[in-house]
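# Commentary on secondary and tertiary structure
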Amino acid sequence: MTPHIRLARPGDLANVEAVVKAAYGHYVARLGRAPGPMLADYRTLIAARRVHVFLQDAMIAGCVVLIPEDDAMLLDNIAVLPSMQGRGIGRALVRFAERTASDQGYGRIRLYTNAAMSENLQLYARLGYRETHRAEEGGFRRVFMDKQVGAPS
């Protein structure tokens with residue numbers, strides 16, 4: 001079966017939560033607490049049509065949460081099952097997020113990641129995201145980044 005991305009359905013909730021838990025679980029020791037994505041209300045996000053899933057052989061291997069804002073699309077979260085990492089799924093989800101932002105008329109996509117997640121900072125920089133600022137929110141030290149996408153701002 002060809003991999004594809006589709007909108008998450010209510011029946012996907014347990015799988016989406018499992019992907020996020022598996023993808024972010026190793027950060028708990030580093031941060032001393034569960035990372036923000038592990039605390040999100042995925043039932044509400046799925047109902048609001050904010051979650052898309054990456055299907056590989058009919059299995060949910062990853063997900064992305066996109067939240068439209070006034071001036072940019074927020075790439076709120078990307079998660080990939082650890083057993084599926086290194087296969088380009090994360091990059092495919094980032095490209096999907098950028099395309100979705102552009103298709104919805106946004107000229108910019110933004111995201112944030114925890115300052116302690118150095119591998120994420122390096123990945124996003126390689127994908128063309130630039131750091132805009134750092135701030136503490138809800139006890140998390142966050143690094144904010146953005147990238148221009150196809151639509152005019």
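Residue positions are given per chain, counted from 1 along the sequence in the order it is written. This being a predicted model, a pLDDT of at least 70 is required before a residue's local features are given, and a value of 80 or more before pairs of side-chain atoms are given or counted; all residues contribute to the totals for chains, interfaces and linings. Hydrogen atoms and water are omitted, and side-chain values are computed over all heavy atoms in the structure.

Once that is clear, we can look at unusual backbone geometry. Located in the positive-phi region is Asp 57, a residue other than glycine, with phi close to 50°. Here Asp 57 shows up in the loop between strand E2 (51-56) and strand E3 (59-68). Here the phi dihedral of Ala 58 falls at roughly 65°; this positive angle occurs in a residue that is not glycine. Only DSSP runs of H or I covering at least 4 residues are called helices, and only runs of E covering at least 2 are called strands; the numbering of each starts at the N terminus.

Whether two aromatic rings pair depends on their centres lying within 6.5 Å, for rings of Phe, Tyr and Trp, where Trp uses its six-membered ring; planes under 30 degrees apart make the pair stacked, over 60 edge-to-face, and the rest tilted. Taken as a whole and assessed by the stated rule, the structure comprises three aromatic pairs. Both rings, one in Tyr 24 and one in Tyr 27, keep their centres 6.1 Å apart while their planes meet at 45°; by these two values the pair is tilted. Accessibility expressed as a relative area gives 5% for Tyr 27, which makes it buried. Where Tyr 124 meets Tyr 129, the ring centres are 5.7 Å apart and the plane angle is 70°; that geometry is what we call edge-to-face. The buried label goes to any residue with under 20% of its type's maximum accessible area, the exposed label to any with over 50%, and the partly exposed label to all in between, with areas taken from a 1.4 Å probe on protein chains only.

Relative to the elements of secondary structure, Lys 147 occurs in strand E7 (residues 140-148). For Lys 147, the side chain forms a polar contact with the main-chain oxygen of Leu 127, separated by 2.7 Å. Throughout this description, a polar contact denotes any pair of N or O atoms lying within 3.5 Å of each other; where both atoms belong to protein, one of them has to be capable of donating a hydrogen while the other can accept it, and for residues adjacent in sequence the pair is counted only when both atoms sit in side chains.

When DSSP finds two or more bridges between two strands, those strands count as paired. The seven strands lie next to each other as E1-E2-E3-E4-E5-E7-E6, forming an open sheet whose pairing is mixed. Edge positions in the sheet fall to strand E1 (4-7) and strand E6 (130-137), since each of these pairs with one other strand and no more. Sheet twist, expressed as the average angle between the axes of neighbouring strands with direction ignored, equals 30°. Any two residues whose heavy atoms approach within 4.5 Å are treated as being in contact. Note on geometry: axes are lines fitted to C-alpha atoms, helical ones only across the stretch in contact, with angles between N-to-C directions running from 0 to 180 degrees. Contacting E2, E3 and strand E4 (73-80), helix H1 (residues 13-24) runs over the sheet at an angle of about 80° to E4.

Turning our attention to the pairing of E7. Each regular strand shows side chains that alternate between the opposite faces of the sheet. In terms of residue burial, E7 counts as a mostly covered element, since seven of its nine residues are buried. In this structure, strand E5 (residues 108-114) lies alongside E7, joined through seven bridges in antiparallel fashion. Note that in E7 the partner of Asn 114 across the bridge is Arg 142. Bridging between E6 and E7 involves seven bridges; their strand directions are antiparallel. Looking across to E7, one finds that Arg 134 is bridged to Val 143. Linking two consecutive strands that pair antiparallel, namely E6 and E7, is a turn of two residues; a positive phi of about 55° is found at Gly 138 within it.

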